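# Fold and contact review
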Amino acid sequence: MTLPPNVHDAEPIPAAAREAIDALMQSGDLFRYTAPQDAPVALLEAEFAELLGSKYALAVSSCSAALFLSLKALDLPRDARVLIPGFTFAAVPSSVVHADCIPVLCEVGENYRIDMADFAVKLDDVQAVIISHMRGHTSDMDAIMDLCNARGIPVIEDAAHSLGTTWHGRNIGTIGNVGCFSFQSYKMINAGEGGILITDDADLVARAVIMSGAYEHNWKKHKGPRGDNSPELEQAFARWQNQLPLYNLRLSNLSAAVIRPQIPELARRVRDGLANHDYVAERLNTSPYINVPAPLKPERRAPDSIQFNLVGLDEAETRAFAAAADARGVKVQVFGLSEDNARAFWNWQFLPEKFDLPQTRDMLMKACDVRLPVRLTREELDVIADILLASVAEVADAVPAYGT
Ligand SMILES: *Cc1c(COP(=O)(O)O)cnc(C)c1O
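The residue numbers shown here count from 1 along each chain, following its written sequence. Under the rules for a predicted model, residues below a pLDDT of 70 receive no local features and side-chain atom pairs below 80 are neither given nor counted, while totals for whole chains, interfaces and linings still include all residues. Side-chain figures throughout are based on the complete set of non-hydrogen atoms in the structure, without hydrogens or water.

Helix and strand labels come from DSSP, where a helix needs a run of H or I of at least four residues and a strand needs a run of E of at least two; each type is numbered from the N terminus. In this scheme, a helix's expected span is set at 1.5 Å multiplied by one less than its residue total. Between its first and last C-alpha atoms helix H11 (residues 315-327) spans 18 Å; for 13 residues at 1.5 Å apiece the expected length is 18 Å, and the two agree. All buried positions along H11 are accounted for by Glu317, Thr318, Phe321, Ala322, Ala324 and Ala325. Looking straight down H11, one finds that the buried residues subtend no more than 160° of arc, so they occupy a single side. Exposed side of H11, more than 90 degrees from the buried face: Ala316 and Ala327 are the residues found there. Relative accessibility decides the category of a residue: with a 1.4 Å probe and only protein chains considered, values under 20% of the type maximum give buried, values over 50% give exposed, and everything between is partly exposed. Note that the arc is computed from the directions linking the helix axis to the C-beta atoms.

Shown next as structure tokens:
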């Protein structure tokens, strides 16, 4: 039998990165603002904006930094309330707290997407929203944008885990006022750490650029679409000169050199990730004890992991399932059951206000997370699916399935 694959190792970084890194080692030119033009970070920004189809991009030290800067760039007052989904990574409410705002949590459904009824109710009491596309699951962006536009509420997309995902054919991250992405190692493009924000709003990006650490006149090295001079952008920089704090959240040229050669790999990674996910999903859905929620209709996903709900298993059986899979070599994380999980909202004890989200809690107690790196082969995917199916059958078949 083939052994379960290692799902933690990353893909090698394309060889082209070495040449660029060697050149940086030779010159020692690691700071984005030293070179008069064409620094790797600036080239990355131009390439990323073009790839996604947005006017402006700003590369920073992490997606969390991009979320923080987005909130700051919206010029929200202290203690502004920011609506976020109750199912996301702890870094998201943390970025809200970091920006001196108050996270407001809304319910998430069994399909890991924002519960639109709860969202609509809570929207009346907030000044901004962060739509966190958790694990790359896209919430109903049509309904969200309609509701937010009607109230003039700005939308930040946390697309950390959604690079390559589309909604009605449009890139995720370009639908709200600003989109934030991550280059941390577990995301589609891996630089260890790093992030980027994209927007079409010249004033917003000018504020974010300055606050990211473009001190004095370094903002002159930020250009408009296709590297052109942009009068709109220059006027915005002039407006904000010396008006804003400098938080120094810049990206290093070294990181940009690691990221840029991965951009041409993205289409393949997205295609393989989706094919792998859908193959495993179809196999898992043959079990009466497993449900892999379907994507929303306008959504085309770019997954590098799979989430599924256990059906009709109680907490002890859920734990037994995870242990059985683990014993066979596949790590299953049940979001609500693993100790101190950073994706379980009750562990965010730093929140200034507490929220009771019974529906999200129920989901987290049965939602399983398994990594599926896009490099896996069909044979390796079968090993994982076989182990998950055997483990759930072992646990579920040991008890009467229908409570008789
Ligand atoms: C990874 C992740 C983040 C945080 O990204 P960093 O670059 O590590 O700050 C935020 N939101 C989601 C949904 C993520 O998956």
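Strands pair, by our definition, only if DSSP identifies at least two bridges between them. Pairing within the open sheet is mixed, and its seven strands lie in the order S1-S9-S8-S5-S4-S2-S3. Each having just a single partner strand, strand S1 (56-60) and strand S3 (102-106) make up the two edges of the open sheet. Neighbour to neighbour, the strand axes of the sheet diverge by 20° on average, direction disregarded. Note: strand S2 (residues 81-85) against S3, five bridges, orientation parallel. By the bridge assignment for S3, leucine 83 is matched with valine 104. Lying on the sheet, helix H2 (residues 40-52) is in contact with S1, strand S8 (178-182) and strand S9 (195-199); it crosses S1 at an angle near 130°. Only C-alpha atoms enter the line fits that serve as axes; for helices the fit covers just the stretch in contact. Angles between N-to-C directions range over 0 to 180 degrees. Residues are treated as being in contact if the distance between any of their heavy atoms lies within 4.5 Å.

This part covers the sheet that holds strand S11 (residues 299-300). An order of S7-S6-S11 is seen for the three strands of this open sheet, with the pairing classed as antiparallel. Looking at which strands have only one partner, the edges of the open sheet turn out to be strand S7 (170-171) and S11. Here strand S6 (residues 166-167) runs beside S7; their pairing, made up of two bridges, is antiparallel. Each bridged residue has a counterpart across the sheet, and for tryptophan 167 the counterpart in S7 is arginine 170.

Further remarks concern the site of the ligand. When at least one non-hydrogen atom of a residue lies within 4 Å of a molecule or strand, that residue is treated as near it. Ser62, Cys63, Ser64, Val92, Ser132, Asp158, Ala160, His161, Ser182, Gln184, Lys187 and Gly194 make up every residue found near the ligand. Pairs of N or O atoms are called polar contacts if they sit within 3.5 Å, as long as, within protein, a hydrogen donor faces a hydrogen acceptor (for residues adjacent in sequence, only side-chain-to-side-chain pairs). Between the ligand and the protein, one listed contact pairs an oxygen atom with a side-chain N or O atom of serine 64 at 2.7 Å. Within the side chain of aspartate 158, a nitrogen or oxygen atom sits 2.7 Å from a nitrogen atom of the ligand. Taking 380 Å² as the accessible area of the ligand by itself, protein coverage stands at 91%. In this classification, Asp, Glu, Lys and Arg are treated as charged, Ala, Val, Leu, Ile, Met, Phe, Trp, Tyr, Cys and Pro as nonpolar, and every other residue, Gly included, as polar. Here the residues of the shell around the ligand are counted per class, giving three nonpolar, seven polar and two charged. Computed with the Shrake-Rupley method and a 1.4 Å probe, the accessible areas treat only the protein chains shown as cover for residues.

Turning our eyes to something else, we now look at the nonpolar core. Ranked by internal contacts, the top residues of the largest apolar core, which has 102 residues, are Leu44, Val82, Phe119, Val129, Ile130 and Leu197. Not counting the four nearest positions on each side in its chain, isoleucine 130 is found in contact with Leu67, Leu71, Val82, Leu83, Ile84, Pro85, Val92, Ser95, Val96, Ile156 and Asp158. Nonpolar core, defined: a set of buried Ala, Val, Leu, Ile, Met, Phe, Trp, Tyr and Cys residues in which side-chain atoms within 4.5 Å join the residues together.

Next up on the list: the packing of helix H10 (residues 266-284) against helix H13 (residues 378-397). Where H10 meets H13, the axes come as close as 10 Å, and the angle between the chain directions of the two elements is 30°. The angle between H10 and H13 places the two elements in the roughly parallel class. Considering only the axes of H10 and H13, their crossing is right-handed. Across from Ala275, Asn276, Tyr279, Val280, Arg283 and Leu284 in H10, the residues of H13 making contact are Arg378, Leu381, Asp382, Ala385, Asp386, Leu388 and Leu389. Classifying every residue of the contact of H10 with H13 gives eight nonpolar, one polar and four charged. Angles are sorted into four bins: roughly parallel if under 35 degrees, roughly antiparallel if over 145, roughly perpendicular if 65 to 115, and oblique for all others. Working rule for handedness: look at the near helix, and if it is turned counterclockwise from the far one by less than a right angle, call the crossing left-handed; if clockwise, right-handed.

Our next topic: the environment of glutamine 26. With respect to the secondary-structure elements, glutamine 26 resides in helix H1 (residues 16-27). Given the relative accessible area of 73%, glutamine 26 is considered exposed.

With that settled, the discussion passes to the state of the cysteines. Each disulfide is one covalent bond, formed between the sulfur atoms of two cysteines. Working definition: a disulfide is two cysteine sulfur atoms within 2.5 Å of each other. Within the structure shown, the criterion is met by zero disulfides. Just so you know, cysteine 63 is unpaired, no disulfide at all, and the nearest cysteine sulfur is the one on cysteine 180, 5.3 Å from it. Cysteine 63 gets classed as buried once you look at its relative accessible area, which sits at 6%. Distance from the sulfur of cysteine 148, which forms no disulfide, to the nearest cysteine sulfur (cysteine 106) is 10 Å.

Now for the packing of aromatic side chains. Planes of paired rings set the category: under 30 degrees apart is stacked, over 60 is edge-to-face and the rest tilted, where pairs are Phe, Tyr or Trp rings (Trp by its six-membered ring) whose centres lie within 6.5 Å. Under the defined criterion, the tally for this structure stands at nine aromatic pairs. On the basis of an interplanar angle of 70° and a centroid distance of 5.3 Å, the ring pair of phenylalanine 48 and phenylalanine 181 is categorised as edge-to-face. In this pair, phenylalanine 48 is assigned in helix H2 and phenylalanine 181 in strand S8, connecting sequence segments 133 residues apart. Residue phenylalanine 48 is classed as buried on the basis of its relative accessible area, which comes to 0%. Accessibility expressed as a relative area gives 1% for phenylalanine 181, which makes it buried. Each ring, one from tryptophan 219 and one from phenylalanine 237, has its centre 5.0 Å from the other, and the planes form 20°; the classification is stacked.

In terms of residue burial, strand S14 (residues 367-371) counts as a mostly covered element, since four of its five residues are buried. When strand S12 (residues 305-310) meets S14, the two strands line up antiparallel, connected through five bridges. Each bridged residue has a counterpart across the sheet, and for serine 305 the counterpart in S14 is arginine 371. Sheet topology note: the strand S13 (residues 333-334)/S14 ladder contains two bridges and is antiparallel. When the sheet's bridge partners are listed, valine 334 is paired in S14 with cysteine 368.

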